[in-house]
Amino acid sequence: MQERAIEAGMAANDQEAGPRGSLTFRFRGRTVALDRFAPRTTLLDWLREEAGAKGTKEGCGEGDCGACTVVLSRLQPDGGLSYEPVNACILLLGQVDGTEVLTVEDLAEGQRLHPVQQAMVDHHGSQCGFCTPGIVMSLFALYHQREPATYQGVCDALAGNLCRCTGYRPIIDAALATCDGRPADRFAAATAERAAALAALADGRDLFVGDDHAFFAAPASEASLAALYARFPRAALIGGATDVGLWITKRLRDLREIIWLGRVAGLDAIEAGTDALRIGARATLQRAAPHLAALHPDLGELMRRFGSRQVRESGTVGGNIANGSPIGDLAPALIALGARVELKRGGATRVLPLEDFFVAYGKQDRGAGEYVSAVVAPRLAADEAYRAFKVAKRIDEDISAVMGAFRFTLEGRQIAAARVAYGGMAATPKRAANAESALVGARLDDQASWTAALDALKRDYAPITDMRATAAYRAEVAANLLKKALIEVAGGAAPTRIGDVLAAL
Ligand SMILES: Cc1cc2nc3c(=O)[nH]c(=O)nc-3n(C[C@H](O)[C@H](O)[C@H](O)COP(=O)(O)OP(=O)(O)OC[C@H]3O[C@@H](n4cnc5c(N)ncnc54)[C@H](O)[C@@H]3O)c2cc1C
Ligand code: FES
Ligand code: FES
């Protein structure tokens, strides 16, 4: 409610003032305004090369190692502040508009270390120290969480921080010793002043830094976005830039026209209705996660393992769909549910079944000037069962080799209809039409009646061999995942999850 009120106030200002020509954010207790920077500049480049903040390290430059982790504080609808760990190496500088940027240099007060830093010393959590600033910033974000950290919670918070020499036990001990859900540092004590400083930046105006040849723009409304995208249809749209950031750091692309969706009012709305969940395209993966988990626990586990906390804090649901990746996680999971994608261009809206959005490798059904505005997933009915499984080389922070998702509509112990979708098995996320037909009439209590569907997968997919998996492995895993889903839905007693297997040892 308060957020809406702020936005309404912003809109009024907006009409009077026109676009703002400088990026504004808080850094080291003051407001920074930048009216000139290359649109492709990353936050890490700015920190290290312009601000001299060399405590933030660069390791991989692609969002994997967490050495560059910094924390963004953002004003929340309740007047509080969020603490979002992000990878500065792939976050574009323009994306910090309206936030407070906190780096490892900010934490200590003179010679007095921050509690998480002191705990890292006390528990011997650092050896060579290269990963330590990033780990400290991930723990700093965890320290500001409102619940006491659990062992699993600490592991999840550190999944995006690689330490090669210390080993994680002392780091986890440091986290458990300090992150008790009662933040009592000077940042917590100064919440009101810091929130007021951020509120003063929240002008609700469009942002446009640069000129017609090279710009970083952040429209504040869908109307502004439509107008801007119509004017610059070749501009790169970015949600969280967890993909696009790598185009810059790894493919060295000199992106000159960038439209960031992160300030478009309403495009991050999540509506949890009784029949369906509607997620606005720019909602972050982190915010969407509990809503997806409420649809089905397998989606909760999928989101827990999606990238890392840093990737989920910046990456968006819309970006995960729009990138058209054949190994993206949400597409197959949502296709099996029966989700639809909503696309907008100007005032026109188009809605299509999510599977129809993916036309061919690298090609989606999205016209010039059109953008993904939302994805809508139906809730499961009482007679529907759902399963989603991600298979990757590592449990944490790894892209799927194969991702399988299944929805069965049941009539008693018989399957009346099925939706089966996989990632990693074709050039796009794709339904298994032959297996779906073969499942109709199959009986949960008769494994022989599943065979035709398991065999049909061979006609549905011709997977490839690449660095993640061989074609043969993918084909075998795909069939095993369908079988596992059927065994679980049938109510088999044999453990099918790693956790259950470990518990049984
Ligand atoms: C370390 C790491 C781990 C990762 N792990 C996973 C993982 O476990 N599972 C997984 O699926 N992915 C993973 N990813 C990939 C990526 O994080 C996700 O796909 C993420 O959801 C992309 O969202 P984004 O907002 O950052 O996209 P961006 O990088 O901003 O954009 C991606 C593409 O989508 C376009 N785009 C973005 N939003 C829109 C929109 N609303 N309308 C039209 N076009 C749009 C952009 O122009 C671009 O082409 C990982 C990435 C990294 C770096
Ligand atoms: S440098 Fe490795 S995640 Fe940024
Ligand atoms: S302390 Fe050396 S990499 Fe972690």
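Structural data are supplied above this passage.
(A) Examining the packing of helix α3 (residues 115–122) against helix α6 (residues 168–178) more closely. Their axes nearest at 8 Å, the elements α3 and α6 cross at an angle of 135°. Comparing their axes, α6 and α3 come out oblique. α6 is crossed by α3, and the crossing has right-handed handedness. When α3 is examined against α6, the residues Pro115, Val116, Ala119 and Met120 are found in contact with a partner set consisting of Ile171, Ala174 and Thr178. By residue class, the composition of the contact of α3 with α6 is 6 nonpolar, 1 polar and no charged.

(B) Main features of the packing of helix α18 (residues 451–460) against helix α19 (residues 471–490). Taken N-terminus to C-terminus, the directions of α18 and α19 make an angle of 150°; their axes are 10 Å apart at the nearest point. When the axes of α18 and α19 are compared, the pair comes out roughly antiparallel. The two elements α18 and α19 meet at a crossing, and its hand is right-handed. For the pair α18 and α19, the contacting residues are Ala453, Leu454 and Leu457 in the first and Ala478, Ala479, Leu482 and Lys483 in the second.

(C) The arrangement of the site of ligand 1 in detail. Neighbouring residues of ligand 1: 33 residues in total, closest Leu237, Gly239, Gly240, Thr242 and Thr316. In this structure, threonine 242 approaches ligand 1 through a side-chain N or O atom, which is 2.6 Å from an oxygen atom. Within the side chain of lysine 390, a nitrogen or oxygen atom sits 2.9 Å from an oxygen atom of ligand 1. For ligand 1, whose free accessible area comes to 980 Å², the fraction covered by protein is 94%. Those elements giving two or more residues to the shell around ligand 1 turn out to be β8 (236–238), α10 (244–249), α14 (317–322) and β16 (371–378). Here the shell around ligand 1 gets 3 residues from one element, more than from any other, and that element is α14. A breakdown of the residues in the shell around ligand 1 according to their chemical character gives 14 nonpolar, 11 polar and 8 charged.

(D) Expanded view of the pattern of salt bridges. Here the structure, examined in full by the defined rule, presents 38 salt bridges. In this structure, the salt-bridge partner of arginine 20 is aspartate 203, at a minimum N-O distance of 2.7 Å. Of the two residues, arginine 20 is situated in the loop between α1 (2–17) and β1 (23–27) and aspartate 203 in the loop between α8 (191–201) and β6 (207–211); the sequence distance between them amounts to 183 residues. As far as the burial class goes, arginine 20 and aspartate 203 line up, both buried.

Rules used in this analysis
Residues numbered from 1 in each chain as written. Chains lettered and ligands numbered in written order. Predicted model: local features only at pLDDT ≥ 70, side-chain atom pairs only at ≥ 80, totals over all residues. Heavy atoms only, no water. Axes fitted to C-alpha atoms, helices over the stretch in contact; angles between N-to-C directions. Helix = DSSP H or I, 4+ residues; strand = E, 2+ residues; numbered from the N terminus. Parallel < 35°, antiparallel > 145°, perpendicular 65-115°, else oblique. Left-handed = near helix turned anticlockwise from the far one by under 90°. Contact = heavy atoms within 4.5 Å. Nonpolar A, V, L, I, M, F, W, Y, C, P; charged D, E, K, R; others polar. Near = heavy atom within 4 Å. Polar contact = N/O pair within 3.5 Å; in protein donor to acceptor, adjacent residues only side chain to side chain. Areas by Shrake-Rupley, 256 points an atom, 1.4 Å probe, with all protein chains shown as cover. Salt bridge = Lys/Arg side-chain N within 4 Å of Asp/Glu carboxyl O. Buried < 20%, exposed > 50% of the residue type's maximum accessible area, 1.4 Å probe, protein only.

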